[in-house]
Amino acid sequence: MAGVSINLLPAQFRIDQKAQKKFQVVQAVSIFTLLTLILLASVTTAVRIVQNKELQGLKEEETQKEEQVLVYKEKEAALAILKNRLGLINQIVKSDSKSSRVIYKSVLTLMPPNIGISSVSLDRGGNFLTSILAPDSFTVDSLITSLTSEQGFTTISKIDLDNLSRSRDGSYRVNMRIGTQ
Amino acid sequence: MKKEKLQLFYAKYKLLIYPVCVTLVSILVIVFVIYPQIRGYFTGVEDKKRINERLIKLETKAKELEVIPGDLLNSQVQSSKVALPPEKDYTSIIGLLQRLSAEVGVALVSVTLDTVKGRDTGGVTSFSVKVDVNLPRESFDVFLSKIESSPITMRVASISVDSAQTSDSLLASIIIDVFYAPSPKTFGSIDSPIEKLTAEEEVLVEKLTSNSVSVPVTSSIEESPGSNIPRGKSNPFE
C-alpha cells in the first residue's frame, strides 16, 4: 500500500535538527579522538614505566659486574705493567744489532787467526780502532782481503789505515780505523 | 548579560569551537605526553642494548681476569721489573757485575757509575756503567755475552781492549748501557679490554722469569710487599 508522507514540521525545526545531528557527529568524533589519545598516552606511559624498571634492574646488574671487575683491579694493573715492561724490553732487544758486542764480534771474525791484536777500541758511534801485529806481509794481505771482501762490507763501511810499520824481525804493525754500519 | 552573550556565541559557533578545543587538547597531549614517552622509549631501547653489551664485556673481562693466576702474574711482573727497573738501581748492577765476573773468572778492577741524567730513547732511559776488567783472552767474549744476556737489560756500548803479546790476559774497559723505565702511572678504564700478551711477549716473559731468580730486587718496587728484601742496616754506623 503506497502511502503519502507529508512533513508538517516547521522549516526552522528541520534546520535545527540537522545542525544538532551535525554537532553530535562532531562530538562523537572528538570524544573518540580524545579517548584514543588518552589510551595512547596511558599505553606509552605504562610501557615506559615497565622499561624504566627493566633498565633499573640492568643498571643494578651493571654495577655488580663493575664491582666484580674492580675486585681484579690489581691483577689488571699488574698485567698493564707487565705488558708495558715487555714492550719496552722488546724494543731494546730489537735494536740489539747496534750493540758494540755484535760489531766487535763481527769485525774480529774477519781477522786472520794468526794475527795478534794488541789493542781494540770500539766507541758508541761504531768506530773500531785497532792495533794489530801480523807475523808477515802475507798475513797483512789476507787481513786486507778479508776486511774488504763482500762479507766484510756487510759490517764495515770504511777502512782507514793509519799506520803500517815493519819491525826488524819481519813482523808488521798495523793501526787501523774501521767504520762500521 | 555577559553570560547570555557567551551562550549565544557558543550556540552560534559551537560546531567550530568544539573541534578547535579538542584539536588543541589533542596537540597538547601529543606534544607533552605521547611524543616524549615514545622518544623516551626508543632512548630506553638503545640504553638497554648498550647496557647489555657492556654487561657481556664486563662479564668476559671478569672471567678472563679470574683465570689469570695471581701468583704467577706477580712473579712475572717482578721479573720484568728486575729486567727493566723503574729507576736507576746501582746496587743491583754492582751486585750483578760482581756475580757475572765471578762466574766467568774475570777480575773486576773498577766499576764507575754514571750519575748524570740518563739518555732517553723512546720511553726507555739508560745510564752508563764503566767496567775495567782483567781477564783471560778466551773469557772476554763469554763475559760480553753474559752482560747482554743478564737478567737486567744491558747493552755493551763501547769496548776498549789492551793486550800484552807475552801475556794471556787482557785489560778491558767496557762501557755498558743499563736501561730503566718508569712504570706507567695510568692504566686503562674499567671498560678497556684486557691487554693480552702476544706469543713473542709470552716467550720473553718465560725467559725473564727463568733468568731473574738469583738477582736481588733492590729498587723501590712499591706494589708488592714481597719485594721489600732487607738491604742491610739502616744506619751502618750504629
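Residues numbered from 1 in each chain as written. Chains lettered and ligands numbered in written order. Predicted model: local features only at pLDDT ≥ 70, side-chain atom pairs only at ≥ 80, totals over all residues. Heavy atoms only, no water.

(A) Structural view of the domain arrangement of chain B. By domain assignment, chain B separates into domain 1 (1–67) and domain 2 (70–182 + 198–223). One C-alpha centre belongs to domain 1 of chain B, the other to domain 2 of chain B, and the line joining them spans 71 Å. (Domains from an automatic or database assignment.)

(B) Quick look at the packing of helix 2 (residues 73–94) of chain A against helix 2 (residues 70–83) of chain B. Between helix 2 of chain A and helix 2 of chain B, the least distance of the axes is 9 Å, while the angle of their chain directions is 35°. For the pair helix 2 of chain A and helix 2 of chain B, the sense of crossing is left-handed. For the pair formed by helix 2 of chain A and helix 2 of chain B, the contact residues are Lys75(A), Ala78(A), Leu79(A), Ile81(A), Leu82(A), Arg85(A) and Ile89(A) on the first element and Gly70(B), Leu73(B), Asn74(B), Gln76(B), Val77(B), Ser80(B), Lys81(B) and Ala83(B) on the second. In the contact of helix 2 of chain A with helix 2 of chain B, the residues fall into eight nonpolar, four polar and three charged. (Axes fitted to C-alpha atoms, helices over the stretch in contact; angles between N-to-C directions. Helix = DSSP H or I, 4+ residues; strand = E, 2+ residues; numbered from the N terminus. Left-handed = near helix turned anticlockwise from the far one by under 90°. Contact = heavy atoms within 4.5 Å. Nonpolar A, V, L, I, M, F, W, Y, C, P; charged D, E, K, R; others polar.)

(C) Spatial organisation of a nonpolar patch on the surface. A cluster of nonpolar side chains, contributed by Leu39(A), Val43(A), Val47(A), Ile38(B), Tyr41(B), Phe42(B) and Val45(B), occupies part of the molecular surface with about 600 Å² of accessible area. Listed by contribution, the elements that provide at least two residues to the nonpolar patch are helix 1 (11–71) of chain A together with helix 1 (2–67) of chain B. It is helix 1 of chain B that provides the largest number of residues to the nonpolar patch, a total of four residues. Locating Val43(A) in the fold gives a position in helix 1. (Patch = residues over 30% accessible without salt bridge, like charges linked within 9 Å, V, L, I, M, F, W, Y side chains within 5 Å. Areas by Shrake-Rupley, 256 points an atom, 1.4 Å probe, with all protein chains shown as cover. Salt bridge = Lys/Arg side-chain N within 4 Å of Asp/Glu carboxyl O.)

(D) Quick peek at the nonpolar core. Ranked by internal contacts, the top residues of the largest apolar core, which has 46 residues, are Tyr104(A), Phe140(B), Phe143(B) and Ile174(B). Not counting the four nearest positions on each side in its chain, Phe143(B) is found in contact with Leu100(B), Ser101(B), Val104(B), Val106(B), Val133(B), Leu135(B) and Ile174(B). Core analysis: the next-biggest nonpolar cluster, separate from the first, contains 25 residues, Tyr72(A), Leu86(A), Leu197(B) and Val205(B) among them. (Core = buried A, V, L, I, M, F, W, Y, C linked by side-chain atoms within 4.5 Å. Buried < 20%, exposed > 50% of the residue type's maximum accessible area, 1.4 Å probe, protein only.)

(E) A look at the confidence of the model for chain B. Residues and elements named next belong to chain B. Per-residue pLDDT for chain B averages 82, and the proportion of residues at 70 or more is 85%. For chain B, per-element mean pLDDT is lowest for strand 2 (residues 119–121), which scores 70, and highest for helix 1, which scores 92. Segment residues 213–238: pLDDT under 50, and 29 contacts once partners within four positions in sequence are set aside and those in other chains are kept. Across the whole predicted complex the pTM is 0.71, and at the interface the ipTM reaches 0.74. (pLDDT = per-residue confidence, 0-100.)

(F) Summary view of the packing of aromatic side chains. Scanning the entire structure with this criterion turns up seven aromatic pairs over all chains. Measuring from ring centre to ring centre gives 6.5 Å for Tyr104(A) and Phe128(A), while their planes differ by 40°; the resulting arrangement is tilted. Residue Tyr104(A) is found in helix 3 (residues 100–109), and its partner Phe128(A) is found in strand 2 (residues 127–134); the two are separated by 24 residues along the sequence. Using a relative accessible area of 7% as the deciding quantity, one classes Tyr104(A) as buried. The exposure class of Phe128(A) is buried, given its relative accessible area of 0%. When the centroid spacing of 5.9 Å and the interplanar angle of 50° are considered together, the rings of Phe127(B) and Tyr180(B) count as tilted. With Phe127(B) in strand 3 (residues 124–136) and Tyr180(B) in strand 5 (residues 169–180), the pair connects residues that are 53 residues apart, well separated along the chain. (Phe/Tyr/Trp six-rings, centres within 6.5 Å; stacked < 30°, edge-to-face > 60°.)

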